[in-house]
Amino acid sequence: MSKEMLYSEIVEVYEKLYATSKRLEKETILAEFLKKLSNYETEEWIYLLRGKVLPDYDDKEFGISDKLAIKVIAVSFGVKEEDVYLRYRKIGDIGEIAEEFSKKKRQKSLFSSKLTVAKVFGNLRKIMEITGKGTVKGKLDLVSDLLGNANEKEAKYIVRTLLGQLRVGVADAILRDAISEAIFPKEKKEMSEKIEIAYDMINDFAVVFDAAKKGKKELEKIKIVVGRPTNVMLPVKVTEISDAFRICGKPAAIEHKYD
């Protein structure tokens, strides 16, 4: 698909998710967006729905502290750090502060480029990769590049993402069921279980989403990758050993568990 997805489209999803605490509503919101996302070739953008740019098994961080976020807001919007700190002590949410100063800045701006998802995702990835001498300046430049072209809401969620404070309530199970609802609406319950199994083994929603788009058989092909951490799998409780073998299959490894 040639048309680029705008970051504002994901921000709109964030706003809808933030506005509700109901799980089923969140699933429906995500499912509608995933249908749209399935038209693009970059499944990795699904990470952004949970404020990430890497799969869950990768523990790299953006390395942006509250102090650095305040500095970059000041630089990006041409205000004093002291003013940003004052708002921080009063509001406590740096994302909202970015939104506030962005709004004031844009009232004076004649024009700016629209942010695409590819641009935001790319810059966020680069921020993680910067190391060594000049790290702080490099990170500041990349964030400022985004904030300089962001509207108020986009600025808020860029900063929240960088601080790991997206606050839209998308847990593993919700995203799992949303994928099932988007691709297998008539078999949602059955396919949610298959998606969960696949995710537990691969620990990567982009791989799972891509496989789901191709059908059930592709999901079943997903296996554990040597050297990659798997997701923690909750045990199935049974009362008879025969039931345990029926669920796990034979042969099965058994070990004692002490609580």
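This section reports on the structure supplied with the text. Quantities reported herein were computed from a predicted structural model and do not represent experimental measurements. (Residues numbered from 1 in each chain as written. Predicted model: local features only at pLDDT ≥ 70, side-chain atom pairs only at ≥ 80, totals over all residues. Heavy atoms only, no water.)

Looking now at the overall build of the protein. The secondary structure content of the protein amounts to 13 helices and zero strands. Listing every helix and strand of the protein by position from the N terminus yields α-α-α-α-α-α-α-α-α-α-α-α-α. Reported as C-alpha extents along the three principal axes, the dimensions of the protein are approximately 70 × 40 × 35 Å. Here the protein holds 259 residues, and the buried ones make up 42% of them. Split by element, the accessible area of the protein, about 15200 Å² in all, is 53% carbon and sulfur. (Helix = DSSP H or I, 4+ residues; strand = E, 2+ residues; numbered from the N terminus. Buried < 20%, exposed > 50% of the residue type's maximum accessible area, 1.4 Å probe, protein only. Areas by Shrake-Rupley, 256 points an atom, 1.4 Å probe, with all protein chains shown as cover.)

Relative to the 16 Å expected for twelve residues at 1.5 Å per residue, helix H9 (residues 172-183) spans 17 Å between its end C-alpha atoms, a close match to the ideal helical length. Within the span of H9, buried status applies to Ile 174, Leu 175, Arg 176, Asp 177, Ala 178, Ile 179, Ser 180, Glu 181 and Ala 182. Residues of H9 that are buried in the fold lie against helix H2 (23-37), helix H10 (188-202) and helix H11 (205-214). (Expected span 1.5 Å × (residues − 1). Contact = heavy atoms within 4.5 Å.)

What follows concerns the environment of Ser 8. Along the chain, Ser 8 turns up in helix H1 (residues 7-18). Of the residues examined, Ser 8 reaches a relative accessible area of 29% and is grouped as partly exposed. Between the C-alpha atom of Ser 8 and that of Lys 250, which follows or precedes it by 242 residues, the distance is 50 Å.

Turning our attention to the packing of H2 against H9. Interhelical geometry of H2 versus H9 gives an angle of 55 degrees and a closest axis separation of 8 Å. Taken together, the axes of H2 and H9 lie oblique to each other. The interaxial crossing formed by H2 with H9 has right-handed handedness. On the side of H2, the interface is formed by Arg 23, Lys 26, Glu 27, Thr 28, Leu 30, Ala 31, Leu 34 and Lys 35, while H9 contributes Ala 173, Ile 174, Leu 175, Arg 176, Asp 177, Ala 178, Ile 179, Glu 181 and Ala 182. Residues of the contact of H2 with H9, tallied by class, amount to nine nonpolar, one polar and seven charged. (Axes fitted to C-alpha atoms, helices over the stretch in contact; angles between N-to-C directions. Parallel < 35°, antiparallel > 145°, perpendicular 65-115°, else oblique. Left-handed = near helix turned anticlockwise from the far one by under 90°. Nonpolar A, V, L, I, M, F, W, Y, C, P; charged D, E, K, R; others polar.)

The subject of this paragraph is the nonpolar core. Within the largest apolar cluster, 76 residues are counted, with the highest numbers of intra-cluster contacts made by Leu 34, Ile 46 and Leu 219. Sorting elements by how many residues they give to this core places helix H3 (residues 66-77) first, with seven residues. Setting aside residues up to four positions removed in sequence, Leu 34 forms contacts with Ile 46, Leu 49, Leu 175, Ala 178, Ile 179, Ala 182 and Phe 209. (Core = buried A, V, L, I, M, F, W, Y, C linked by side-chain atoms within 4.5 Å.)

The backbone phi angle of Arg 167 is positive, close to 60 degrees, even though this residue is not glycine. Given the relative accessible area of 43%, Arg 167 is considered partly exposed. Notably, Asn 203 is not glycine yet its phi reads approximately 60 degrees, a positive angle. Relative to the assigned elements, Asn 203 resides in the loop between H10 and H11. Look at Asn 203 and you get buried, because its relative accessible area is 5%.

Take the packing of aromatic side chains next. Applying the stated criterion across every chain, the model contains three aromatic pairs. With a centroid separation of 4.9 Å and 40 degrees between ring planes, the pair formed by Tyr 14 and Tyr 157 is classed as tilted. Pair noted here: Tyr 14 is in helix H1 and Tyr 157 is in helix H8 (residues 152-162), with a separation of 143 residues, a long-range link. A cation over an aromatic ring shows up here: Arg 160 above the ring of Tyr 18, its NZ or CZ 5.3 Å from the ring centre. (Phe/Tyr/Trp six-rings, centres within 6.5 Å; stacked < 30°, edge-to-face > 60°. Lys NZ or Arg CZ within 6 Å of the ring centre and 35° of its normal.)

This next bit is on the packing of H3 against helix H4 (residues 81-91). Two numbers describe how H3 lies on H4: the axes approach to 8 Å, and their chain directions differ by 125 degrees. In terms of their interaxial angle, H3 and H4 are classed as oblique. In this structure, H3 meets H4 at a crossing whose hand is right-handed. In this structure, H3 contributes Asp 66, Lys 67, Ile 70, Lys 71, Ile 73 and Ala 74 to the contact, and H4 contributes Glu 81, Val 84, Tyr 85 and Tyr 88.

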